Structure formats: C-alpha cells, structure tokens
Amino acid sequence: MQDFTDGLARFHRDVFPAKAGLFARLATTHRPKTLFIGCSDARVVPELITQSDPGELFVIRTAGNLVPAHASGPDGIAASIEYAVAVLHVTDIVICGHSACGAMTALAEEHDLSGAPVIAGWLRHADAARARTAAAPAASGPAKVAALVRANVAAQLRNLTTHPSVARALAERTLTLHGWVFDIATGTVEPVDASLTPA
C-alpha cells in the first residue's frame, strides 16, 4: 500500500495541477464518446493504450473481456452497457482482447478449472469462440491462444449486439462497434474483422 500512498501524493502534487481545469469541468460533466470493454488483466490499461484523458472513456473490464449475451434479470455488465449507450449516448464501443490472455490460455490449453468453478462458469461465455477455433485448421501453443483471442473478440461483439440498447443504436446508425487485439510485447493494436463474428 505504500506504493499507492506515494502514487496518490505524486498525483496530487504533480499530475492534478496540470489538469485542474479538466477536472473542474469533469466535476459537473460526464460525456465520454467511447465505451471500452477490455480484460481485467493488469497489463492492459485502456487509458494508457489509447492515450485518453479522464472523461473520454467509459470502461468495463471483465476476465477475458467477456460480454454475456443479454438475459433478463439484474446484471452489472448489462447495466453498464445500457448506461453507456442509452444514457451517455456513446458513439463507439471497443471490445479489446490481448496477447497472452490468461482466460483464453486456460481454454486453449484446456486447464483443469475444477478447483475454480466460478471461473469455469464465467468462461462459458467464450464457448462460441472455442467452437469456431475448434473448427479451424489445427494450431498449437501461442498460435492456438492467439487464434482464440481473436475469435473471442468477434464472439463478444456478437454477444454485444444482443443487448437491446446496442441493437437499437446500431439500427439507428448512431453507434459503431470495433474489435481490437492488443499485443503486450509490441504495444500494437490489430483490428478484428467483423466477418470473424460467429453466426
């Protein structure tokens, strides 16, 4: 915690004063234009990757950047998506996967998750991506994980379209969806072709 305490002190002393005007505006205004859905992985920092200022991104982070298909009942991810689209009126949504994703590695390498039943249940939201990569030419090791990461971004884009607020905004052409894969080692971002979305 000492690192955090030191970081807070540096933020207040060095960073905040340079952006005081921005924070003054943000104190009364919240108008992000982009919803960024990324992995919870600590190596993937949306604001750093996109070089965005505070207030520019509305961020949801989940293990494996998974977006469950819309279902009835309370759901924090669905509520955040609806808020971003229907209330904040974001114009773009990015789903960003990344290299060496632990969630996709566990699936690609068929790790034993019997001791982690909640994780195993959560990763079922990647079943469509697993099915797509299983039907593709055989790959192994890092190539298999990379293929699953890309297929998963496409599958989660499809899941996103099942949410009523997203479907409405897409029909009204006020929203654009984007799929990305961030490579940790090189810092590059590659787009995911929408045609990879499983039917």
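Up top is the structure these notes are about.
Just so it is clear, the structure is predicted and the values come from calculations on it, not from any experiment. Each residue is numbered by its place in its chain's sequence as written, counting from 1. With pLDDT at 70 or above as the cut-off, local features in this predicted model cover only qualifying residues; side-chain atom pairs require 80 or more to be listed or tallied, and sums for whole chains, interfaces and linings still use all residues. Excluding hydrogens and water, the side-chain values take into account all heavy atoms of the structure.

What follows deals with the packing of aromatic side chains. In summary, the pairing rule links any two rings of Phe, Tyr or Trp, Trp by its six-membered ring, whose centres are within 6.5 Å, and it sorts them by plane angle into stacked for under 30 degrees, edge-to-face for over 60 and tilted for everything else. According to the stated counting rule, one finds 5 aromatic pairs in the structure shown. Aromatic side chains Phe36 and Trp180 sit 6.2 Å apart centroid to centroid with 75° between the ring planes, which places their arrangement in the edge-to-face category. On the criterion of sequence distance, the pair formed by Phe36 in strand 1 (residues 34-39) and Trp180 in strand 4 (residues 176-182) is long-range, its members being 144 residues apart. Remark: exposure states derive from per-residue accessible area (1.4 Å probe, protein chains only) relative to the maximum for the residue type, with buried under 20%, exposed over 50%, and partly exposed in between. Classification of Phe36 by relative accessible area gives buried; the value is 1%. By relative accessible area, Trp180 is classed as partly exposed at 24%. Under the DSSP-based scheme used, a helix requires at least four consecutive residues in state H or I and a strand at least two consecutive residues in state E, with every element numbered from the N terminus.

Leu35, Ile37, Ile81, Ile93 and Met104 are the most contacted members of the largest nonpolar core, which has 37 residues in total. Mapped onto this core, the elements with two or more residues apiece are strand 1, strand 2 (57-62), helix 4 (76-87), strand 3 (92-98), helix 5 (102-108), helix 8 (141-160) and helix 9 (164-171). Looking at this core, the element that brings in the most residues is helix 8, giving 9 residues. Whether two residues are in contact is decided by their heavy atoms: any pair within 4.5 Å suffices. Filtering out sequence-adjacent residues up to four positions away, Met104 remains in contact with Gly64, Leu66, Ala126, Leu148, Val149 and Asn152. Only buried residues count toward a nonpolar core, which is a set of Ala, Val, Leu, Ile, Met, Phe, Trp, Tyr and Cys residues joined through side-chain atoms within 4.5 Å. Membership of the second largest hydrophobic core comes to 6 residues, among which are Val44, Val94, Cys96 and Phe182.

For side chains bearing opposite charge, pairing can occur when the charged atoms are close. Whenever a carboxyl oxygen of Asp or Glu lies within 4 Å of a side-chain nitrogen of Lys or Arg, that contact is scored as a salt bridge. One pass over the full model with this rule turns up 3 salt bridges. Across the pair Asp14 and Arg13 runs a salt bridge whose closest N-O atoms are separated by 3.1 Å.

Okay, the sheet that holds strand 5 (residues 189-191) next. Here a strand pair is declared whenever DSSP counts at least two bridges between the two strands. Taken together, the 5 strands give an open sheet; going across it, the order is 2-1-3-4-5, and neighbouring strands pair in mixed fashion. Single-partner strands in this sheet number two, and they are strand 2 and strand 5. Sheet twist, expressed as the average angle between the axes of neighbouring strands with direction ignored, equals 25°. Alignment of strand 3 against strand 4, held across 7 bridges, turns out to be parallel. In this description, a line fitted to the C-alpha atoms serves as the axis of each element, helices being fitted only across the stretch in contact, and the angle between N-to-C directions of two axes falls anywhere from 0 to 180 degrees.

Glancing now at the side chain of Thr105. In this structure, Thr105 sits in helix 5. Ignoring anything within four residues of it in the chain, the contact list for Thr105 reads Ala100, Glu110, His111 and Val145.

On to helix 9. Where helix 9 is concerned, the buried positions are Ser165, Val166 and Ala169. Taken around the axis of helix 9, the buried residues stretch over an arc of 100°, which confines them to a single face. Structurally, helix 9 contributes buried residues whose contacts are with helix 4, strand 3, helix 8 and strand 4. Within two residues after helix 9, Arg173 carries a phi angle of roughly 60°, on the positive side. What the arc covers is the set of directions going from the helix axis to the C-beta atoms.

It is worth spelling out the packing of helix 4 against helix 9 at this point. Each pair of packed helices can be summarised by the angle the axes make with each other and by the distance between the axes. Relative orientation of the contacting elements helix 4 and helix 9 amounts to 30°, with a least axis distance of 8 Å. The orientation of helix 4 with respect to helix 9, classified from their angle, is roughly parallel. At the point where helix 4 passes helix 9, the crossing takes the left-handed sense. The residues of helix 9 that touch helix 4, namely those facing Ile81, Glu82, Val85 and Ala86, are Ser165, Val166 and Ala169. An angle below 35 degrees is treated as roughly parallel, one above 145 as roughly antiparallel, one from 65 to 115 as roughly perpendicular, and anything else as oblique. Left-handed describes a crossing whose near helix is turned anticlockwise from the far helix by less than a right angle; the clockwise case is right-handed.

In this section: the environment of Glu109. Structurally, Glu109 is set in the loop between helix 5 and helix 6 (117-122). A relative accessible area of 46% means that Glu109 is categorised as partly exposed. Glu109 sits 58 residues away from Gln51 along the chain, and the two C-alpha atoms are 33 Å apart. Identification of polar contacts relies on pairs of N or O atoms within 3.5 Å, with a donor-acceptor requirement for protein atoms, meaning one able to donate a hydrogen and the other able to accept it, and with residues adjacent in sequence counted only if both atoms are side-chain atoms. Engagement of the side chain of Glu109 in a polar contact is seen with the side chain of His111, the distance being 2.8 Å.

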